[in-house]
Amino acid sequence: MITNFKNSSPYNEMSKKQDKFFCKNLKQLTKHHFTNSQEYKKFLIQNNYNLKNTNLEKFPFLPSNIFKEIDLKSIKKDKVFKIMTSSGTSGKNLSKIFLDRKNAQNQIIVLSKLIETILGEKRLPMLIIDQNPKSASNIFSARIAAINGFSIFGTDYTFILNSKGKVDHTKLKSFLKKYSGKPFFIFGFTSLVYRCFFELLKNDNYNLDGGVLLHGGGWKKLEKKKINNFKFKKLLIEKFNFKEIYNYYGMVEQTGSIFLECKYCFHFVTSSYSKVLIRDKNFNILKNGEKGLLQLFSLLPTSYPGHNILTEDIGEIPKFNNCVCSKKGTRFKVYGRAVKSELKGCSDTI
Amino acid sequence: MKNFMNVEILVGDKKIHSITNQPYNKNILNFLDDLSKNLMKLKEIENYPDISAVAFFCRKANLMNQKKIFFKNKEFRIGLGLIFHIAPSNVPVNFLYSLVFGLITGNSNIVKVPSFKFAQIEIICNIINKLLKKKHKNLKKFIKVLRYEKENINFTNFISSECDARLIWGGDKSINEIRKFSVKPRSIDLTFADRYSICIINAGKFLKLNHIKKITLLNQFYNDTFTLDQNACSSPHLILWMGNKVKKAKDVFWSHLAKISKKKYQFIESSVVEKYTQVCKRLMQNDNIKNYKFFDNTLSTLAVKKLNKDILSYRGRWGYFFEYDLKSLSDIKDISSKKIQTVTYYGINSQLIKNTILKLSLPGFDRIVPIGQALELDFIWDGYDINKTLTRIIDVK
């Protein structure tokens, strides 16, 4: 297993050697969880899984919702340092992710490595398009976790939404007075950035030149407004003069090894710490250019078996990769959550 | 009337009638037969196997059989009055079965359909309206179909206080909610609650079937289970094996079923992931699982180590079954509960199953039917005889 993420580089040239290295690590991680989690062990035994496997496609995956159903951890109780939860949109149950110190630390190291590629090594003044979690009780934990997670790349934090979810113009003006034209970092959830920032400031003139916007959280809420990634970028750059805008994709089960989009082709790209596969309804691997269920790998999870996860999201690896950039990871698109089935049966009235 | 606030009327008017009719009279039989014919004629029927099933149920030939049964007893029976039907939220055509029960027994009916606008409900109500407008005007007062939100408790309260019987379909929680609204002193409730169903197969007898007969039986099993994604109360979740060569029979049964389900079963990504989550959860959490077989994403089976009442909460969906090898039929005592509704069977004498239940005085077990008939809603359901329960006797001496 990788024990030292510090000396790794986030976007290695992909080569067969690199793939082999990844699978070797995955094999060790699988074994590690087999040895340390009773539940995971039962799962592998029932599946007649061969621990010697090194074929990426054959590693056993867990569905992301399993973390809502069972407490899964590969550490002793007293080693739990932090429990991360996420509400998700599908149900009342929370995903529970158990972290020990080492796993939490590795998440930060890897996230830093990735973010450095868009923000540079220095901490930047940070504008957060959200309410200050300290004063707002109504924002849910996944949002707070993300804000806290990304805040390690910033200084001079400015939360520009007030308790009513409106832009605090005084704060925004004073931030821009200090930093406009120089490099700074803006973070927010995609739908909030659009609705509470772009839409509410339609009649104001603010110049955010120098700002790099990082946003994530999905497009579901903007679908109705017919806003996609491309349109979002175009509208926001025209209006605010941002230097760059990056969408990211990630999930609480694999915090740290997030997927940043390529600034040229707008696809998400896997890093040295992650891989992606697309599967059909029968869990067969799909060809590039076909839409299916996203399966995500991460080398980070050691305190819980979240290294190989089948998500509920529909994605696609494009057929042709002709991006001009030098990142050699796998490129992919995400189309959002798979449509829920209509209930058939007689289990409930109304 | 202000009671009808926020109530959408699909069939009928705002007047509440409580009139009775002679059960199985010509008018009703002809109306239902016309309804059946009109439904069968629809172009869209191919897309709605559930509509064609209920249309089949409404045809005169079927109802004439019921009529014969009804009049076997010489006593004079008449409808109770007004029946309030609360249909389940997730079986679109169930409301029509319930309505037929009420109508044929000579009652006036108010049917609450699910708030979700199923296409099947619109289709059926359109035809009912067409028939009531012209040829079957005289039945207008007997049929009212309404849609309103669960939260509209005023209306549920109002009709509950007016009706002579309620037919409540749904989960235990929903039924208890409806039961909070009191009814008249002599009114009755028929509740069709959450149930659990099982299947018993004689392995040796199954293996002796020739190939075509095996496939026919498997298709019948498929219809019992996959048709409603295993959600129907009468679809078996637990398959119990007995007799000789159980291991071989299981291999043949499941591998052939997988071929059928792979070909026929329509399912979507989100169901696949949810099913996989449920299977993983059982494998990880449960110590009562002996082995797990994944045939294809349309079919997974989990063998349980021993029978116990916990199993009544093991529900598969989208092609996910539990199984167990019986040492003797009396082993079913270990899962017996009032929750058990249907036993489907193959290769076993149904009288033997009944006698075992009686001998051990087991609770539950309302239906013992051959494989293939699990979903056939009948006038005897959940232990009630609809013909008798929705009518009263006028005792003339």
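Residues numbered from 1 in each chain as written. Chains lettered and ligands numbered in written order. Predicted model: local features only at pLDDT ≥ 70, side-chain atom pairs only at ≥ 80, totals over all residues.

K.L.:
An account of the overall build of chain B is needed here, citing residue identities and associated values.
P.N.:
For chain B, the count of helices and strands is 13 helices and 17 strands. A globule of 397 residues ought to have a C-alpha radius of gyration of about 21 Å, and chain B, at 22 Å, matches this closely. Buried positions account for 43% of the 397 residues belonging to chain B. Within chain B, residue pairs in contact and separated by at least 24 positions form 77% of the contacts whose partners lie at least 6 positions apart. (Helix = DSSP H or I, 4+ residues; strand = E, 2+ residues; numbered from the N terminus. Rg over C-alpha atoms; globule rule 2.2 N^0.38 Å. Buried ≥ 20, exposed ≤ 12 C-beta atoms within 10 Å, placed from the backbone. Contact = placed C-beta atoms within 7 Å.)

K.L.:
Residue-level account of the interface of chain B and chain A, with values.
P.N.:
Listed per partner, the contact involves 38 residues of chain B and 29 residues of chain A. Counting only elements with at least two residues in the side of chain B that touches chain A, the list comes to α11 (269–285) and β10 (289–296) of chain B. Element by element, the count of residues in the side of chain B that touches chain A is highest for α11(B), at twelve residues.

K.L.:
Got a sec to walk through the environment of D156(A)? Specific residues and values, please.
P.N.:
Residues and elements named next belong to chain A. Among the structural elements, D156 can be located in strand β5 (residues 154–159). Here D156 falls in the partly exposed class, since 13 other C-beta atoms lie within 10 Å of it. With residues near it in sequence (within four places) discarded, D156 still touches P125 and M126.

K.L.:
Can you tell me about the sheet that holds strand β7 (residues 188–192) of chain B, naming the residues and giving the values?
P.N.:
Within a sheet, adjacent strands bond to each other through the backbone by hydrogen bonds, running parallel or antiparallel. All names here are of chain B. On the basis of which strands lie adjacent, the open sheet formed by six strands has the order β1-β5-β4-β3-β6-β7 and mixed pairing. With one partner strand each, in any of the chains shown, β1 (8–11) and β7 form the two edges of the open sheet. Neighbour to neighbour, the strand axes of the sheet diverge by 20 degrees on average, direction disregarded. As paired elements, strand β3 (residues 82–86) and strand β4 (residues 108–113) share five bridges and run parallel to each other. Counterpart to F84 in the pairing with β4 is I110. The strands that helix α5 (residues 119–133) touches are β1, β4 and β5 (143–147); relative to β1, the one it contacts most, it runs at about 65 degrees. (Pairing = 2+ DSSP bridges. Axes fitted to C-alpha atoms, helices over the stretch in contact; angles between N-to-C directions.)

K.L.:
Help me get a handle on the domain arrangement of chain B, residues and values and all.
P.N.:
A common measure of how large an interface is: the accessible area buried when the components associate. Domain boundaries assigned for chain B yield domain 1 (2–193) and domain 2 (196–370). Relative placement of domain 1 of chain B and domain 2 of chain B: their C-alpha centres are 33 Å apart. (Domains from an automatic or database assignment.)

K.L.:
Tell me about helix α1 (residues 16–36) of chain A, and name the residues and values.
P.N.:
Residue and element names in this part refer to chain A. Over its 21 residues, α1 runs 30 Å from end to end, which matches the ideal 30 Å to within 8%, given 1.5 Å per residue. Restricting attention to buried positions, one finds in α1 the residues F22, L26, L29, T30, H33 and F34. Seen from one end, α1 has its buried residues packed into an arc of 135 degrees, which puts them on one side. Residues of α1 that are exposed and angled more than 90 degrees away from the buried face: K17, K20 and T35. Buried residues along α1 sit in contact with α2 (38–46), β11 (274–279) and β12 (291–298). (Expected span 1.5 Å × (residues − 1). Arc of directions from axis to C-beta.)

K.L.:
Account for the domain arrangement of chain A, naming residues and giving values.
P.N.:
All names here are of chain A. Partitioning chain A into structural domains gives domain 1 (1–77 + 268–334) and domain 2 (100–249). At the junction of the two partners, domain 1 supplies 13 residues and domain 2 supplies eleven residues. Across the side of domain 1 that touches domain 2, the residue classes break down as nine nonpolar, three polar and one charged. (Nonpolar A, V, L, I, M, F, W, Y, C, P; charged D, E, K, R; others polar.)

K.L.:
Pulling in residues and values, what's your account of the confidence of the model for chain A?
P.N.:
Atom-level detail of predicted coordinates should not be read off regions where pLDDT is low. When pLDDT is averaged along chain A, the result is 89; 93% of the residues meet or exceed 70. Highest mean pLDDT in chain A belongs to β12(A) (97); lowest belongs to helix α5 (residues 141–150) of chain A (82). (pLDDT = per-residue confidence, 0-100.)

K.L.:
Describe the pairing of strand β12 (residues 320–325) of chain B, and please don't skip the residues or the numbers.
P.N.:
All names here are of chain B. Of all the six residues making up β12, five are buried; the element is thus mostly covered by neighbouring parts of the structure. Pairing geometry for strand β9 (residues 236–242) and β12, over four bridges, is parallel. Across the sheet, the residue bridging to L240 is Y324, located in β12. As paired strands, strand β11 (residues 299–304) and β12 are joined by four bridges and run parallel to one another. Each bridged residue has a counterpart across the sheet, and for T301 the counterpart in β12 is F321.

K.L.:
Residues and numbers for the nonpolar core, please.
P.N.:
The tendency in soluble globular proteins is for nonpolar side chains to be buried side by side. The biggest cluster of nonpolar side chains holds 120 residues, and the ones touching the most others in it are I129(A), F185(A), I200(B) and L240(B). In terms of residue count, α11(B) provides more of this core than any other element does, six residues in total. Apart from the residues lying within four places of it in its own chain, the contact partners of L240(B) are I198(B), C199(B), I200(B), Y324(B) and L326(B). Of all hydrophobic cores here, the second largest spans 57 residues; its members include I104(B), V113(B), C163(B) and L390(B). (Core = buried A, V, L, I, M, F, W, Y, C linked by C-beta atoms within 7 Å.)

K.L.:
A description of the pairing of strand β14 (residues 367–370) of chain B should follow, citing residues and the corresponding values.
P.N.:
Residues and elements named next belong to chain B. Here strand β13 (residues 340–346) runs beside β14; their pairing, made up of four bridges, is parallel. Directly across from T342, in β14, lies its bridge partner R367. As a crossover connection, the stretch from β13 through helix α12 (residues 350–359) into β14 is right-handed. (Right-handed = clockwise from strand over helix to strand, strands pointing away.)

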